[in-house]
Amino acid sequence: MWGGRFAAGPASIMREINASIPFDKRLWKQDIAGSKAHVAMLARQGIVSQADADAISAGLDTIAAEYEANGVPVNLDLEDIHMVTESRLAELIGPVAGRLHTARSRNDQVATDFRLWVRDAIDEVEAGLVGLQRALVARAQDHADAVMPGFTHLQSAQPVTLGHHLMAYYEMVRRDRSRFADARARLNECPLGAAALAGTGFPTDRHMTAAALGFAKPTDNSLDSVSDRDFALDYLMAATQASLHLSRLAEEFIIWASQPFGFVKLPDAYSTGSSIMPQKRNPDAAELVRGHAGRIMGCMTALCVTMKGLPLAYSKDMQDDKPPVFEAHDLLALSIAAMTGMVETVTFRTDRMRGLAESGFATATDLADWLVREGGIPFREAHHITGRAVAAAEEAGVSLDKLPPEKLRAIDDRIDDRVYAVLTVDASVASRKSHGGTAPDQVRARIAQAMEELG
């Protein structure tokens, strides 16, 4: 491959460190697609003959069939997927294979292949996230009016509905999808034809190859074309954010499945047992999703550190751009599938949720709001009065709605029996009718919108 420049081959350690074929073989479909688009353009521009282009294209089809059937052979001497494919092409069609690399470099070739791969990866993630959203919406619809405690600081705060809680994750995933969509739009420019770094003297048509590969346009600066990995970082940053949301949902399932909470029973398919404790039912799938988030974040950090000090244009460091993206994608796809399965099949113990919502003075804010609304009391004063009522209920061992009227009036004589209408958890959630609130009517309205959004 090195031609006449070097008198001796590389040392064995150089052979090991320099080869990327063990991991970049995943780019074979994109590499062959890019090569076919490139040679078709060369023929149309008269840079190679149509007969040679046809032979090259047919050879590439044969290689694609071989890779599909048997996988990509790993030959460290040939370094990467580009040279492995070109070498096989030469075996099949002879010296004419050498015309394929006219007017391009491995620099623009790999940049094109990698963009194509990341674009495909985004499309896979998009499909997975839509599936997760559908699962969340379906379960939210089932539980639009099921009362549960809402938490701040993991302390019971105000009652909400389970449907509302699940739809919060729908919103997170909606933002994740928008980040991936933005990343896809930005990456959809084609580097092919930028060559090594300066463009080419051949009369190429970069618009033709860009269109053939489904890109919106060719990139506009040859130096940036071969040295840019923003598209990979965009993917990793979107993947990191998505994994954080998946991890938060996994964490809630882990907490909810614990005996002190008892809010959910995770399905057998996503649980494991203990090697020593027969009674154990471990939320291992959720815990692994939580763990994967850290690894995905690490992948993002790894590529940031790789790219942070590189001068223009291409540097060999950039060969290490692909492993973190590949790893993050595999982990994210697995995490999305696992969480979708859990959401679809988990058993929600709504009786347990309701019981805890009723026992934690979660309607205290409703009492304070009633004092403001009905008694004309400033909220800060109402807050103080309510705090005394909570202390009295706690001392009596009852919920606020079970505190006798005389005890409430002893705290403040402006409280009357009408207050009991707002102190139940059902009344509390029903009153939260502001846009985006937890009232069942609001939750159902948002679910209807979500179903329209999902199509």
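Our subject is the structure listed above.
Here's what I pulled together on the structure shown here. Computed from a prediction, not measured in an experiment: that's the story for all the values here.

### Describing a nonpolar patch on the surface
- Together, Ile13, Met14 and Ile17 line one region of the surface with nonpolar side chains, adding up to about 340 Å² of accessible area.
- One can find methionine 14 in helix 1 (residues 12-18).

### A closer look at unusual backbone geometry
- In the segment running from leucine 312 into alanine 313, the intervening peptide bond is cis, with an omega of 5 degrees.
- Secondary-structure assignment places alanine 313 in the loop between helix 11 (284-307) and helix 12 (322-345).
- Positioned with a positive phi, alanine 103 is a non-glycine residue whose angle comes to about 65 degrees.
- Here alanine 103 lies in the loop between helix 5 (81-93) and helix 6 (106-142).

### Here's the deal with the pattern of salt bridges
- Inspection of every chain in the model, using the stated rule, returns 35 salt bridges.
- A salt bridge links glutamate 66 to arginine 88; its shortest N-O distance comes to 2.7 Å. Placement of the pair is glutamate 66 in helix 4 (residues 50-70) and arginine 88 in helix 5, with a sequence separation of 22 residues.
- The partly exposed category is assigned to glutamate 66, whose relative accessible area is 24%.
- When salt bridges that share partners are traced, they join Glu171, Arg174, Arg446 and Glu453 into one network.

### Examining the nonpolar core
- With 96 residues, the main nonpolar core has Phe180, Tyr235, Phe253, Trp256 and Leu332 as its most contacted residues.
- At 14 residues, helix 10 (residues 230-257) tops the list of elements feeding residues into this core.
- Not counting the four nearest positions on each side in its chain, phenylalanine 180 is found in contact with Ile122, Val125, Leu129, Tyr235, Ala238, Ala239, Ala242 and Leu332.
- Counting residues in hydrophobic clusters, the runner-up holds 20 residues, among them Ile385, Ala389, Leu400 and Ile415.

### Focus on the state of the cysteines
- By the definition in use, this model includes zero disulfides.
- Cysteine 299 takes part in no disulfide bond, and the closest cysteine sulfur to it belongs to cysteine 304, at a distance of 11 Å.
- Look at cysteine 299 and you get buried, because its relative accessible area is 4%.

### Quick notes on helix 18 (residues 440-454)
- Here helix 18 spans 21 Å end to end across 15 residues, near enough to the 21 Å set by a 1.5 Å rise per residue.
- Residues of helix 18 that are buried: Pro440, Val443, Arg446, Ile447, Ala450 and Leu454. In an axial view of helix 18, the angular spread of the buried residues amounts to 125 degrees, which keeps them on one side of the axis. Those residues of helix 18 that are exposed and aimed more than 90 degrees away from the buried face are Asp441 and Glu452.

### Digging into the packing of aromatic side chains
- Going through the model one piece at a time under the given rule, you end up with ten aromatic pairs.
- Here the aromatic rings of phenylalanine 114 and phenylalanine 326 are separated by 6.3 Å at their centres, their planes lie at 80 degrees, and the arrangement is edge-to-face. Of this pair, phenylalanine 114 sits in helix 6 while phenylalanine 326 sits in helix 12, placing them 212 residues apart in sequence.
- You can call phenylalanine 114 buried: its relative accessible area is 0%.
- Taking 6.2 Å as the distance between ring centres and 40 degrees as the angle between the ring planes, the aromatic pair formed by phenylalanine 253 and tryptophan 256 counts as tilted. Here tryptophan 256 and phenylalanine 253 lie together in helix 10, a separation of three residues that amounts to about one turn. Residues phenylalanine 253 and tryptophan 256 agree in their burial class; the two are buried.
- One aromatic cluster is present, built from ring pairs that chain together Phe151, Phe253, Trp256, Phe261, Phe263 and Phe348.
- Lying over the aromatic face of phenylalanine 215, arginine 119 brings its terminal NZ or CZ to 4.8 Å of the ring centre.
- When the ring centre of phenylalanine 114 is taken as reference, the NZ or CZ atom of lysine 322 above it lies at 5.4 Å.

Criteria and thresholds
Positions within a chain are numbered from 1, following the residues in the order the chain's sequence is written. Confidence filtering applies because this is a predicted model: local features only for residues at pLDDT of at least 70, side-chain atom pairs given and counted only at 80 or more, and all residues used for totals across whole chains, interfaces and linings. Only hydrogens and water are set aside when side-chain values are computed; all heavy atoms of the structure are taken into account. Patch members must show over 30% relative accessible area and no salt bridge, and they are joined within 9 Å when carrying like charges or within 5 Å when they are nonpolar side chains of Val, Leu, Ile, Met, Phe, Trp or Tyr. Areas reported here follow the Shrake-Rupley algorithm with a probe of radius 1.4 Å; residue values treat only the protein chains shown as occluding. Only one rule defines a salt bridge in this text: a Lys or Arg side-chain nitrogen within 4 Å of an Asp or Glu carboxyl oxygen. In this text, helices come from DSSP runs of H or I with a minimum length of four residues, and strands from runs of E with a minimum of two, each type numbered from the N-terminal end. Relative accessibility thresholds used throughout: buried, under 20% of the residue-type maximum; exposed, over 50%; partly exposed, between the two (1.4 Å probe, protein chains only). In this text, buried Ala, Val, Leu, Ile, Met, Phe, Trp, Tyr and Cys residues form a nonpolar core when linked through side-chain atoms within 4.5 Å. Any two residues having at least one pair of non-hydrogen atoms within 4.5 Å are treated as being in contact. Disulfide: a pair of cysteine sulfur atoms within 2.5 Å of each other. Expected span of a helix, by definition, is 1.5 Å for each gap between consecutive residues, and there is one gap fewer than residues. By construction, the arc corresponds to the directions joining the helix axis to the C-beta atoms. Two aromatic rings from Phe, Tyr or Trp, using only the six-membered ring of Trp, form a pair when their centres are within 6.5 Å; if the ring planes differ by under 30 degrees the pair is stacked, by over 60 it is edge-to-face, and anything between is tilted. Here, a charge over a ring means that NZ of Lys or CZ of Arg falls within 6 Å of the ring centre while also lying within 35 degrees of the ring normal.

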